[in-house]
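Spelled out, the chains give:
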Amino acid sequence: MIAIIDYGMGNLRSVHKALERLGLEARVTSEKRDVANASGVVLPGVGAFRDCMLNLEKHDLIGAILGAIDGGKPFLGICLGLQALFTQSEEFGIHPGLDVFKGKVTRFPDDMPDPEAGPDEEHYLKVPHMGWNKVSIKSDATVLSGIEEGSYFYFVHSFHVAPEDKSIIATSTEYGIEFASSVARDNVFACQFHPEKSQNLGLRLLRNFGEMVNGS
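A quick note: this is a predicted structure, and the numbers were derived from the prediction, not measured.

Attention now goes to the overall build of the protein chain. A tally of helices and strands in the protein chain yields 6 helices and 14 strands. On C-alpha atoms alone, the protein chain measures out to a radius of gyration of 17 Å, which is about the 17 Å that the 2.2 N^0.38 rule sets for 216 residues. Along the first, second and third principal axes, the C-alpha atoms of the protein chain reach 55 × 40 × 30 Å. Looking at the protein chain as a whole, 51% of its 216 residues qualify as buried. Within the protein chain, counting contacts between residues at least 6 apart in sequence, those at least 24 apart form 67% of the total. Accessible area for the protein chain stands at about 10,200 Å²; split by element, carbon and sulfur atoms hold 46% of it.

Under the defined criterion, the tally for this structure stands at 8 salt bridges. Among the ionic pairs, Arg33 bridges to Glu31, the shortest N-O distance being 3.4 Å. Between Arg50 and Asp51 there is a salt bridge whose closest N-O contact spans 4.0 Å. A residue is classified by how much of its surface remains accessible, and Asp51, at 35% relative accessible area, is partly exposed.

On to the packing of aromatic side chains. The tally for this structure, following the rule as stated, stands at 7 aromatic pairs. Measuring from ring centre to ring centre gives 5.5 Å for Phe86 and Phe101, while their planes differ by 45°; the resulting arrangement is tilted. Taken as a pair, Phe86 in strand 5 (residues 86-89) and Phe101 in strand 7 (residues 101-107) lie far apart in primary sequence, 15 residues in all. Accessibility assignment for this pair places Phe86 and Phe101 in one class, buried. Here the aromatic rings of Phe155 and Phe179 are separated by 6.0 Å at their centres, their planes lie at 85°, and the arrangement is edge-to-face. Pair noted here: Phe155 is in strand 10 (residues 152-157) and Phe179 is in strand 13 (residues 177-185), with a separation of 24 residues, a long-range link. Given a relative accessible area of 2%, Phe179 falls into the buried group. In textbook terms, an aromatic cluster arises when at least three aromatic residues are bridged by ring pairs, as seen for Phe108, Phe153, Phe155, Tyr175, Phe179 and Phe193.

Here we take up helix 3 (residues 49-58). Restricting attention to buried positions, one finds in helix 3 the residues Phe49, Cys52, Met53 and Leu56. In a view along the axis of helix 3, the buried residues occupy a sector of 90°, so they form one face of it. One or two positions beyond helix 3, positive phi appears at Asp60, with a value near 60°.

Here we take up the pairing of strand 1 (residues 2-5). Working note: regular strand, side chains alternate between the two faces of the sheet. Taking every second residue as pointing to the same face, both faces of strand 1 are buried, with Ile2 and Ile4 on one and Ala3 and Ile5 on the other. Looking at chain direction, strand 1 and strand 2 (residues 26-29) are connected through 4 bridges and run parallel. Among the inter-strand pairings, Ile4 is bridged to a residue of strand 2, identified as Val28. Following the backbone out of strand 1, through helix 1 (residues 12-21) and into the adjacent parallel strand 2, one traces a crossover that is right-handed.

Further remarks concern helix 6 (residues 199-215). Residues spaced three or four apart along an α-helix face the same direction, because each turn holds 3.6 residues. The end-to-end C-alpha separation of helix 6 is 24 Å, in line with the 24 Å expected for 17 residues at 1.5 Å each. All of the buried residues along helix 6 are Gly202, Leu203, Leu205, Leu206, Asn208, Phe209, Gly210, Met212 and Val213. Considering only its buried residues, helix 6 is in contact with strand 1, helix 1, strand 3 (40-43), strand 4 (75-78), strand 10 and strand 14 (188-191).

Here we take up the nonpolar core. In this structure, Ile2, Leu19, Val42, Leu76, Phe189 and Leu205 are the most contacted members of the largest nonpolar core, which totals 35 residues. Counting residues per element, this core draws most heavily on helix 6, which supplies 6 residues. Counting residues in hydrophobic clusters, the runner-up holds 33 residues, among them Ile5, Met9, Leu80 and Phe86.

The rules behind the values
- Residues numbered from 1 in each chain as written.
- Predicted model: local features only at pLDDT ≥ 70, side-chain atom pairs only at ≥ 80, totals over all residues.
- Heavy atoms only, no water.
- Helix = DSSP H or I, 4+ residues; strand = E, 2+ residues; numbered from the N terminus.
- Rg over C-alpha atoms; globule rule 2.2 N^0.38 Å.
- Buried < 20%, exposed > 50% of the residue type's maximum accessible area, 1.4 Å probe, protein only.
- Contact = heavy atoms within 4.5 Å.
- Areas by Shrake-Rupley, 256 points an atom, 1.4 Å probe, with all protein chains shown as cover.
- Salt bridge = Lys/Arg side-chain N within 4 Å of Asp/Glu carboxyl O.
- Phe/Tyr/Trp six-rings, centres within 6.5 Å; stacked < 30°, edge-to-face > 60°.
- Arc of directions from axis to C-beta.
- Pairing = 2+ DSSP bridges.
- Right-handed = clockwise from strand over helix to strand, strands pointing away.
- Expected span 1.5 Å × (residues − 1).
- Core = buried A, V, L, I, M, F, W, Y, C linked by side-chain atoms within 4.5 Å.

Structural data, given as structure tokens:
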């Protein structure tokens with residue numbers, strides 16, 4: 001069973017439906033015992049970093065998450081679920097994260113030039129970064145099997161992760177700057193984009209994750 005962690009933030013139903021469509025047994029839960037008993041764990045989420053960490057603490061899920069990761073269970077973080085894995089976020093002040101990966105979560109600059117703007121158009125890229133964008137593959141992470149260089153995934157975010165250890169970057173993406181759009185290390189893969197909203201390629205990524213779970 002794959003535990004989809006419910007801490008009150010994010011569209012859990014779309015993640016659940018995508019996994020079920022692939023024939024994977026999944027359960028939306030806020031119970032730490034379900035996370036402990038699961039064969040794989042998904043941490044999704046959208047919203048503010050501080051609220052994310054407060055809600056995880058409120059539901060007593062932090063220990064269960066760290067235990068799953070340390071125990072070698074396949075772990076997938078999505079969007080805010082990626083950001084929460086880092087040391088701290090600069091969103092509305094400095095707030096500590098789970099510190100699974102050293103690094104910070106920082107906002108896109110407001111003055112990123114828009115290379116496609118015409119003479120009478122806004123010359124800066126909009127924040128949040130929203131819509132389809134392509135990824136450049138930096139690692140041979142198992143979850144990326146069958147995903148080709150330059151594949152497009154769906155993004156919605158104003159903040160991005162800045163890992164201290166660049167070797168964990170699995171994909172990068174260009175939006176005014178080059179940023180880490182996913183990271184991978186051992187049993188953990190986490191992405192800024194939304195595979196559950198990224199059509200066939202997103203389903204391929206989730207299928208790869210499911211194969212990790214079934215093979216663990």
